[in-house]
Amino acid sequence: SELNEASERGVKTKLLLFKAVGSCLEQLKLLELLEKKQKSDRNDSDEEVYVFFYKGENFYKLEGKDLKKIERRWQLVEEFGYYIPRWTQKEQFLDAERSDLCGEKRFLLGFKLKKKVVL
């Protein structure tokens, strides 16, 4: 994965994980401001910043329009959709590979702060 490659290259990395927060766009804008402030305070430009979001099944419906704005400053490095299995009355796990039997879809989205902004 992207993080493993950075680690193997000896690059300093910062990893943040968010669950049940506001929109990705809002959170990433805030993090970008914080990163600029921290870098100016310590002159550390080699650090790579990765941010992962755990989002619900309505992510693309609610925030899909923001992805083009996000990708100007952040590179999408992970996009993984999966189903959370539900329990039957007999408390047996249903097959996680069969979406028709599963409870809810979730997404894990990972972004890396770009060194140069694409306008």
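Read on for a plain summary of the structure.

The rules behind these values
Residues numbered from 1 in each chain as written. Predicted model: local features only at pLDDT ≥ 70, side-chain atom pairs only at ≥ 80, totals over all residues. Heavy atoms only, no water. Helix = DSSP H or I, 4+ residues; strand = E, 2+ residues; numbered from the N terminus. Polar contact = N/O pair within 3.5 Å; in protein donor to acceptor, adjacent residues only side chain to side chain. Contact = heavy atoms within 4.5 Å. Salt bridge = Lys/Arg side-chain N within 4 Å of Asp/Glu carboxyl O. Buried < 20%, exposed > 50% of the residue type's maximum accessible area, 1.4 Å probe, protein only.

## Describing the side chain of Glu63
Looking at the element boundaries, Glu63 is found in helix α3 (residues 59–63). Within the structure, Glu63 has its side chain in polar contact with the backbone nitrogen of Cys24 (distance 2.6 Å). Those residues in contact with Glu63, other than ones at most four positions away along the chain, are Gly22, Ser23, Cys24, Leu25 and Lys55.

## Points about the pattern of salt bridges
Inspection of every chain in the model, using the stated rule, returns 5 salt bridges. Residue Arg9 is joined to Glu48 by a salt bridge in which the shortest nitrogen-to-oxygen separation is 3.1 Å. Of the two residues, Arg9 sits in the loop between α1 (2–8) and β1 (13–19) while Glu48 sits in strand β2 (residues 48–55), which places them 39 residues apart along the sequence. Overall, Glu48 belongs to the buried group, its relative accessible area being 9%. Notably, a salt bridge pairs Glu104 with Arg106, separated by 2.7 Å at the nearest N-O pair. With relative accessibility at 15%, the residue Arg106 sits in the buried group. Residues joined in a network through salt bridges with shared partners are Arg9, Glu48 and Lys112.

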